[in-house]
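Chain by chain, the residues run as shown.
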Amino acid sequence: MSMERIGFYPGTFDPITNGHTDIILRATKIVDRLVIGVARNIGKGPLFSTEERVEIVREEIAHLADAETRRRVEVKSYEILTMHFAMEQGASVIVRGLRAVSDFEYEFQMAGMNNRLNPNIETVFLMANDKYQFIASRFVKEIAQLGGDVSHFVSPRVLRHITARFAQNGKKKLAAKR
Ligand code: ADP
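Since the structure is predicted, the reported quantities are computational estimates derived from the model, not experimental observations.

**Thoughts on the overall build of the chain**
Point 1. Looking only at helices and strands, one finds seven helices and five strands in the chain.
Point 2. For the chain, the C-alpha radius of gyration of 17 Å lies close to 16 Å, the compact-globule estimate for 178 residues.
Point 3. Principal-axis analysis of the C-alpha atoms gives the chain an extent of 60 × 35 × 30 Å.
Point 4. Evaluated residue by residue, the chain yields a buried proportion of 44% over its 178 residues.
Point 5. Sequence-distant contacts, at least 24 apart, represent 74% of the contacts inside the chain between residues at least 6 apart.
Point 6. Counting every atom, the chain has about 10,500 Å² of accessible surface; 56% of that belongs to carbon and sulfur.
Point 7. Charge centroids of the chain, computed over 26 positive and 21 negative side chains, lie 6 Å from each other.

Okay, structure coming up:
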């Protein structure tokens, strides 16, 4: 068995925010290799396709910390059970971020159920820096859609993707009305 500790960080990442990136950076300090799993999650009606979300996360990783850290991070998409994918990746820990109390109930239940599915894989919770604690992809999208400034919540790269997507959606709506 390899001594390398592999962590799996699953999420929708629609799109990746400064909160996610902060968690990724923290996770790289406790595992040797980190696999970021972009869940297909069609049910959530994502703004970006799975392929786009993966690409955007990869772009963020390309700007993360130092080269040594970047080499230890990989981004993959998946559509099977999170626990099964974590096992396929050889992960020994699943990384989740905890924001306010509001995340606790859901994360607590999921960690408990995942532990039943495979007691050998621990879920570890990390907290983002204070300034990123309140950021959620859902609100970023809502604010941006209504023309609000989200530049403090996402990187300039992600901001460009969001702006382009809403401009595109706006044009589609106009075309549909005609
Ligand atoms: P999901 O669809 O699984 O909720 P998300 O992409 O929203 O996926 O989030 C993935 C993980 O990152 C979750 O554990 C979530 O709690 C965490 N997370 C998201 N935003 C933040 C943040 N601002 N601070 C800390 N953790 C966060």
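More follows now that the structure is in view.
**Structural notes on the nonpolar core**
Point 1. Membership of the largest hydrophobic core comes to 32 residues, with the highest contact counts inside it found for Ile24, Leu34, Ile36, Val57, Ile61, Val95 and Ile162.
Point 2. Those elements giving two or more residues to this core turn out to be helix H1 (18-28), strand S2 (33-39), helix H2 (50-62), strand S3 (73-78), strand S4 (93-98), helix H6 (137-145) and helix H7 (156-177).
Point 3. In terms of residue count, H2 provides more of this core than any other element does, four residues in total.
Point 4. Ranked by size, the runner-up nonpolar core spans 11 residues in total, among them Ile6, Phe8, Phe85 and Ile121.

**What to know about unusual backbone geometry**
Point 1. Going from Asp14 to Pro15, the amide bond is cis rather than trans, its omega being -10 degrees.
Point 2. The phi dihedral of Phe13 falls on the positive side, at around 50 degrees, and the residue is not glycine.
Point 3. You can see Phe13 is positioned in the loop between strand S1 (6-11) and H1.
Point 4. For Phe13, a relative accessible area of 2% puts it in the buried group.

**Quick look at the pairing of S2**
Point 1. When you tally the buried positions in S2, you get six out of seven residues, the bulk of the element.
Point 2. Pairing analysis gives six bridges linking S1 to S2, with the strands arranged parallel. The residue bridging Gly11 from the neighbouring strand is Val38, located in S2.

**Concerning the layout of surface pockets**
Any empty space left between the atoms is revealed when a probe the size of a water molecule rolls over them.
Point 1. Approximately 1,200 Å³ is the volume attributed to the largest pocket.
Point 2. What lines the largest pocket is a set of 45 residues, among which Thr12, Lys44, Arg96, Arg99 and Tyr106 lie closest to the centre.
Point 3. Those elements that provide at least two residues to the lining of the largest pocket are S1, H1, S4, helix H5 (101-117), strand S5 (122-127) and H6.
Point 4. At nine residues, H5 tops the list of elements feeding residues into the lining of the largest pocket.

Conventions adopted
Residues numbered from 1 in each chain as written. Predicted model: local features only at pLDDT ≥ 70, side-chain atom pairs only at ≥ 80, totals over all residues. Heavy atoms only, no water. Helix = DSSP H or I, 4+ residues; strand = E, 2+ residues; numbered from the N terminus. Rg over C-alpha atoms; globule rule 2.2 N^0.38 Å. Buried < 20%, exposed > 50% of the residue type's maximum accessible area, 1.4 Å probe, protein only. Contact = heavy atoms within 4.5 Å. Areas by Shrake-Rupley, 256 points an atom, 1.4 Å probe, with all protein chains shown as cover. Lys, Arg positive; Asp, Glu negative; His and termini not counted. Charge placed at Lys NZ, Arg CZ, Asp CG, Glu CD. Core = buried A, V, L, I, M, F, W, Y, C linked by side-chain atoms within 4.5 Å. Pairing = 2+ DSSP bridges. 1 Å grid on protein atoms, 1.4 Å probe; cavity = no way out; pocket = protein on both sides within 12 Å on 5 of 7 lines; lining within 4 Å. Points joined across faces, edges and corners; volume = space filled by probe spheres on them.

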